[in-house]
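Each chain, written out:
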Amino acid sequence: MIPAAFDYVAPSSVEEALAALAQYGDEAKIIAGGQSLLPVLRMRLNAPEWIIDLRKIESLRGIRDDGDAIVIGAMTPHSVVGSDPLVQEHAALISKAVGHLADAQIRHRGTFGGALAHADPAGDLGAPVLCLGAEFVIAGSGGTRTVAADDFFIDLFETAIGDDEILTEVRIPKHTGWGAHYEKMVRVAHQWPIVSVAATVRMDGGTIAEARVGFANMGSTALRARGVEEAIAGQPASEDAVRTAAARAAEGTNPPSDLNGDAEYKNHVVGVLTRRALLAAAGS
Ligand SMILES: Cc1cc2nc3c(=O)[nH]c(=O)nc-3n(C[C@H](O)[C@H](O)[C@H](O)COP(=O)(O)OP(=O)(O)OC[C@H]3O[C@@H](n4cnc5c(N)ncnc54)[C@H](O)[C@@H]3O)c2cc1C
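Residues numbered from 1 in each chain as written. Predicted model: local features only at pLDDT ≥ 70, side-chain atom pairs only at ≥ 80, totals over all residues. Heavy atoms only, no water.

A. Spatial organisation of the overall build of the protein. Along the protein, the regular secondary structure elements total 12 helices and 15 strands. Relative to the globule expectation of 19 Å for 284 residues, the C-alpha radius of gyration of the protein, 19 Å, shows essentially globular dimensions. Here the contacts in the protein between residues at least 6 apart in sequence split such that 62% fall between residues at least 24 apart. Only carbon and sulfur atoms are counted for the fraction: they give 49% of the accessible area of the protein, which is about 13,000 Å². With 24 positive and 36 negative side-chain charges, the protein shows a spacing of 6 Å between the two charge centroids. (Helix = DSSP H or I, 4+ residues; strand = E, 2+ residues; numbered from the N terminus. Rg over C-alpha atoms; globule rule 2.2 N^0.38 Å. Contact = heavy atoms within 4.5 Å. Areas by Shrake-Rupley, 256 points an atom, 1.4 Å probe, with all protein chains shown as cover. Lys, Arg positive; Asp, Glu negative; His and termini not counted. Charge placed at Lys NZ, Arg CZ, Asp CG, Glu CD.)

B. Layout of the nonpolar core. With 40 residues, the main nonpolar core has Ile94, Phe112, Leu116, Val129, Phe136, Phe152 and Ile172 as its most contacted residues. For this core, the secondary structure elements donating two or more residues are strand E5 (69-73), helix H5 (92-98), helix H7 (112-118), helix H8 (126-131), strand E6 (135-140), helix H9 (149-152), strand E10 (166-173) and strand E11 (179-185). The dominant element in this core, judged by the number of residues it contributes, is H5, at 5 residues. Among the domains, domain 2 (60-173) and domain 3 (179-281) are the pair contributing at least three residues each to this core. (Core = buried A, V, L, I, M, F, W, Y, C linked by side-chain atoms within 4.5 Å. Buried < 20%, exposed > 50% of the residue type's maximum accessible area, 1.4 Å probe, protein only. Domains from an automatic or database assignment.)

C. Structural detail: the domain arrangement of the protein. Domain boundaries assigned for the protein yield domain 1 (7-51), domain 2 (60-173) and domain 3 (179-281). Computed from C-alpha coordinates alone, the two centres of domain 2 and domain 3 are separated by 21 Å. Contacts between the two partners involve 24 residues from domain 2, matched on the other side by 24 residues from domain 3. Across the domain 2/domain 3 interface, buried area totals approximately 1,900 Å², and carbon plus sulfur atoms make up 61% of it. Its largest share of buried area at the contact with domain 3, domain 2 owes to Leu93, Pro121 and Cys131, together 28% of the area lost on that side. The shortest N-O distance in the salt bridge between aspartate 124 and lysine 184 comes to 2.6 Å. At the boundary of domain 2 with domain 3, the tally comes to 12 residue pairs in polar contact (both at pLDDT 80 or more). The element contributing the most residues to the side of domain 2 that touches domain 3 is H8, with 5 residues. (Buried area = accessible area lost by both parts, 1.4 Å probe. Salt bridge = Lys/Arg side-chain N within 4 Å of Asp/Glu carboxyl O. Polar contact = N/O pair within 3.5 Å; in protein donor to acceptor, adjacent residues only side chain to side chain.)

Dropping the structure here:
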């Protein structure tokens, strides 16, 4: 289908983009890589009068070292994030998850910020940014504010970004030396997960000193598996200890029942994937 007609503007700075948002208000929609928005427009689920394209804003692209964190510009394509040496060294969980995200074409066009702003609970990036305690830098007419990952995802396709605001960058605290693994269950290759599990661990010899575990598609937002994290901290990276901790995976989840399986099935799957992800992240 062809989208409804719209007017188009491509500002060259964040300030200009914010001014356009303020001018066109509810009639405007931001476009980043267009990989989620264009299908929405083509299905006429949304028909904005103005499209504000961020692609000419160079300051929104790139990845930099910022001391104890790395900073990923919102308009950085998935393909760049996935292969970036800083991300691989300090936020390996993100590299691993991006490797599972869609196909090469979509990874080339789609952006890190666009995927997170879209807030699809089945998106592959939500769980990793929760696990790594990311901070979201959001610009508005009143200046810039920072939102912690725990407060960013509000509900299905809803984030802390206001209608008159733009996500500019995401700060990821360095997790240098942490083991990481991403387990994704799909029926069709290169698609969103039925369930996926992100796990990253800080090892101390053969012991899992600290673990972060997150899920996609197990509720209306990406989730942290606090029960699992608590149960595995300080335990050996053994099959038995990990199995016991993974038994808590379904705590606090609310997966949708759909054609891929009912909630009970997904609660079983998430336990299995959690066990695999933790063992792999721990290098066992
Ligand atoms: C066939 C297909 C398969 C896919 N498979 C997967 C998959 O397996 N896993 C996965 O995670 N994703 C998947 N995706 C989605 C993909 O990751 C998209 O790239 C991503 O969801 C959106 O990024 P984008 O840059 O294209 O954003 P856009 O589509 O341009 O925008 C998405 C939304 O975010 C808003 N937005 C974008 N940037 C900003 C910003 N800086 N500030 C404020 N709001 C902003 C837009 O207004 C829009 O509402 C798939 C997409 C397709 C088409």
